[in-house]
Amino acid sequence: LEGERERTAMVVGLSGIAPSARSPAAKSRAKHRATMVLMISDVHCEERVKPETVNFTNDYSLAVCERRLAELSDRFMFMLSHERAIADIRRVMIWIGGDVLSGHIHDDTAEMAQLAPLAATRWIGQRLRRIIDTVAAEADEVIVATNSGNHGRSTDKLRVGTELDHSFEQNLYLVMAAEERNKNVRWQVSGGYLNYVDLDGFIVRCHHGHAIKWAGGVYGVALPASKAIAAWDAERRADLNIWGHYHTFGWLRAARYVANGSVSGPSAYSIRVAKAAPERPCQGAVVIDHGRREVTKAYPIFCDGDMANDSSRD
């Protein structure tokens, strides 16, 4: 009897509740237009890094470079497909930012090189062509923006006003641009240290990075980079700054910059001279949302499958 009284009270308590109309499902919003950027720099394709010189944290050769570039291409295309689920990405910008070869700028650099500079230039050009063709097959528009680095030069010391006149990389870019066969690919080869790319009013400032001096300590490159950006903005403001050179990926949203990693990975120079913590080989990817007019994503694309063990290779 007590149980029946409780059930009766429950029914009576619910009797005054009227059903509410179900709210209509929210309409899916239209995807914002976006541009995806693939950052390629600091490949140092012909440099040989022997494991014993870097505490067995790396092993780099032409064969390894080939595998890492192929992995980078595959992973970027996967991420492009992934990002298209949430953004309307029809344009891809490929930034080739310099130091794609190491060159013979120092005696030890020449001793570690597996190819002479001109041969290395031809070798890396073929691999860059494969990446460009792969992206061009899956995009409506491709912009290839370039910068020359401090390694691929024919002089012992860096030049300023005539730096590009002595650059193997600059010559490679100009030849590849002249021989471009994809109708949807446009090259923007820099004629100076800075390369400004206009993406529908969103300005990307590109450079290799060797004009920014490492501050050391906790400041690293952030403080000198911020000063350089402020100085360059006084002439022409950019919405995003991208560079490489320091082989360390980083995104500082407030300072509007994305720094690229490297394909070559740790080297004897990075350990002994730069005193940098070993960073696994990676390159950068950036998503620029034109509806928001800002970078909504920036992340590393790792190309270190050759360094992984069998259990984690996938």
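Up top you'll find the structure we're talking about.
Now for a description of the structure that goes with this document. These numbers were taken from a predicted model, which means no experiment stands behind them.

1. Considering the overall build of the protein chain
Phase 1 of the analysis: Looking only at helices and strands, the protein chain features 7 helices and 11 strands.
Phase 2 of the analysis: In terms of C-alpha radius of gyration, the protein chain reaches 25 Å, well past the compact-globule figure of 20 Å for 314 residues.
Phase 3 of the analysis: Looking at the protein chain as a whole, 49% of its 314 residues qualify as buried.
Phase 4 of the analysis: Of the contacts formed within the protein chain by residues at least 6 apart in sequence, a portion of 69% connects residues at least 24 apart.
Phase 5 of the analysis: Counting every atom, the protein chain has about 16,500 Å² of accessible surface; 54% of that belongs to carbon and sulfur.
Phase 6 of the analysis: In the protein chain, which carries 39 positive and 39 negative side-chain charges, the distance between the mean positions of the two groups comes to 4 Å.

2. A word on the nonpolar core
Phase 1 of the analysis: By size, the foremost hydrophobic cluster in this structure holds 47 residues, and its most contacted members are Met-36, Val-43, Ile-96 and Ile-124.
Phase 2 of the analysis: If one sorts the elements of this core by residue count, helix H2 (residues 62-83) sits on top with 9 residues.
Phase 3 of the analysis: With near-sequence residues (within four places) excluded, Ile-96 lies in contact with Ile-40, Leu-128, Ile-132, Val-144, Ala-145, Thr-146, Asn-147, Tyr-173 and Trp-187.

3. Comments concerning the packing of aromatic side chains
Phase 1 of the analysis: All told, the structure shown has 2 aromatic pairs when counted by the stated rule.
Phase 2 of the analysis: Relative to Trp-232, the ring of Tyr-193 lies with its centre 6.3 Å away and its plane at 45 degrees, an arrangement referred to as tilted. Note that Tyr-193 is positioned in the loop between strand S4 (185-189) and strand S5 (195-199) and Trp-232 in helix H6 (residues 222-235), a separation of 39 residues in sequence.
Phase 3 of the analysis: When the ring of Trp-243 is compared with that of Tyr-257, the centres are 4.6 Å apart and the planes differ by 40 degrees; the resulting orientation is tilted. With Trp-243 in strand S7 (residues 240-243) and Tyr-257 in strand S9 (residues 257-259), the pair connects residues that are 14 residues apart, well separated along the chain. Summarising the burial analysis for this pair, Trp-243 and Tyr-257 share the class buried.

4. Things to note about the packing of helix H4 (residues 117-136) against helix H5 (residues 168-178)
Phase 1 of the analysis: Look at H4 against H5: their axes get within 10 Å of each other, and the N-to-C directions meet at 45 degrees. Looking at the two axes, H4 sits oblique to H5. Regarding H4 and H5, the two cross each other, and that crossing is right-handed. Here Pro-117, Leu-118, Thr-121, Ile-124, Gly-125, Leu-128, Arg-129 and Ile-132 of H4 lie close against H5, whose contacting residues are Phe-168, Leu-172 and Met-176.
Phase 2 of the analysis: Across the contact of H4 with H5, the residue classes tally to 8 nonpolar, 2 polar and 1 charged.

5. Topic: the environment of Ala-259
Phase 1 of the analysis: For Ala-259, the position within the fold is in strand S9.
Phase 2 of the analysis: Once the C-alpha coordinates of Ala-259 and Lys-157 are considered, the two residues, 102 residues apart in sequence, prove to be 25 Å apart.
Phase 3 of the analysis: Once residues lying within four places of it in the same chain are set aside, the contact partners of Ala-259 are Met-39, Trp-243, Thr-248, Phe-249 and Gly-250.

6. A closer look at the sheet that holds strand S11 (residues 294-302)
Phase 1 of the analysis: The 6 strands lie next to each other as S4-S3-S2-S1-S10-S11, forming an open sheet whose pairing is mixed. With one partner strand each, in any of the chains shown, S4 and S11 form the two edges of the open sheet. Between one strand and the next, the sheet's axes are offset by a mean angle of 20 degrees, whatever the strand orientation.
Phase 2 of the analysis: Note that strand S2 (residues 88-96) and strand S3 (residues 141-146) share 6 bridges and pair parallel. Paired with Ile-96 across the strands is Thr-146, a residue of S3.
Phase 3 of the analysis: Across the sheet, H2 touches strand S1 (33-40), S2, strand S10 (282-289) and S11, and the angle it forms with S11 is around 145 degrees.

7. Some remarks on the environment of Leu-128
Phase 1 of the analysis: Summarising the element assignment, Leu-128 is placed in helix H4.
Phase 2 of the analysis: Excluding its chain neighbours within four sequence positions, the residues that come into contact with Leu-128 are Ile-40, Ile-96, Leu-172 and Met-176.

8. Details of the environment of Ala-113
Phase 1 of the analysis: As for its placement among the helices and strands, Ala-113 is situated in the loop between helix H3 (107-112) and H4.
Phase 2 of the analysis: Residues Ala-113 and Ser-102, 11 residues apart in the sequence, show an inter-C-alpha distance of 7.5 Å.
Phase 3 of the analysis: Excluding residues within four positions of it along the chain, Ala-113 makes contact with Glu-46 and His-104.

9. With respect to the layout of surface pockets
Empty space left among the atoms is revealed by rolling a probe the size of a water molecule over them.
Phase 1 of the analysis: If you add up the space inside the second largest pocket, you get close to 260 Å³.
Phase 2 of the analysis: Along the walls of the second largest pocket sit 16 residues, with Gly-125, Leu-172, Val-175, Met-176 and Glu-179 positioned nearest its centre.
Phase 3 of the analysis: For the lining of the second largest pocket, the secondary-structure elements that each account for two or more residues are H4 and H5.
Phase 4 of the analysis: Here the element with the most residues in the lining of the second largest pocket is H4; it accounts for 7 residues.
Phase 5 of the analysis: Taken together, the residues of the lining of the second largest pocket break down into 5 nonpolar, 5 polar and 6 charged.

Cut-offs used in this document
Residues numbered from 1 in each chain as written. Predicted model: local features only at pLDDT ≥ 70, side-chain atom pairs only at ≥ 80, totals over all residues. Heavy atoms only, no water. Helix = DSSP H or I, 4+ residues; strand = E, 2+ residues; numbered from the N terminus. Rg over C-alpha atoms; globule rule 2.2 N^0.38 Å. Buried < 20%, exposed > 50% of the residue type's maximum accessible area, 1.4 Å probe, protein only. Contact = heavy atoms within 4.5 Å. Areas by Shrake-Rupley, 256 points an atom, 1.4 Å probe, with all protein chains shown as cover. Lys, Arg positive; Asp, Glu negative; His and termini not counted. Charge placed at Lys NZ, Arg CZ, Asp CG, Glu CD. Core = buried A, V, L, I, M, F, W, Y, C linked by side-chain atoms within 4.5 Å. Phe/Tyr/Trp six-rings, centres within 6.5 Å; stacked < 30°, edge-to-face > 60°. Axes fitted to C-alpha atoms, helices over the stretch in contact; angles between N-to-C directions. Parallel < 35°, antiparallel > 145°, perpendicular 65-115°, else oblique. Left-handed = near helix turned anticlockwise from the far one by under 90°. Nonpolar A, V, L, I, M, F, W, Y, C, P; charged D, E, K, R; others polar. Pairing = 2+ DSSP bridges. 1 Å grid on protein atoms, 1.4 Å probe; cavity = no way out; pocket = protein on both sides within 12 Å on 5 of 7 lines; lining within 4 Å. Points joined across faces, edges and corners; volume = space filled by probe spheres on them.

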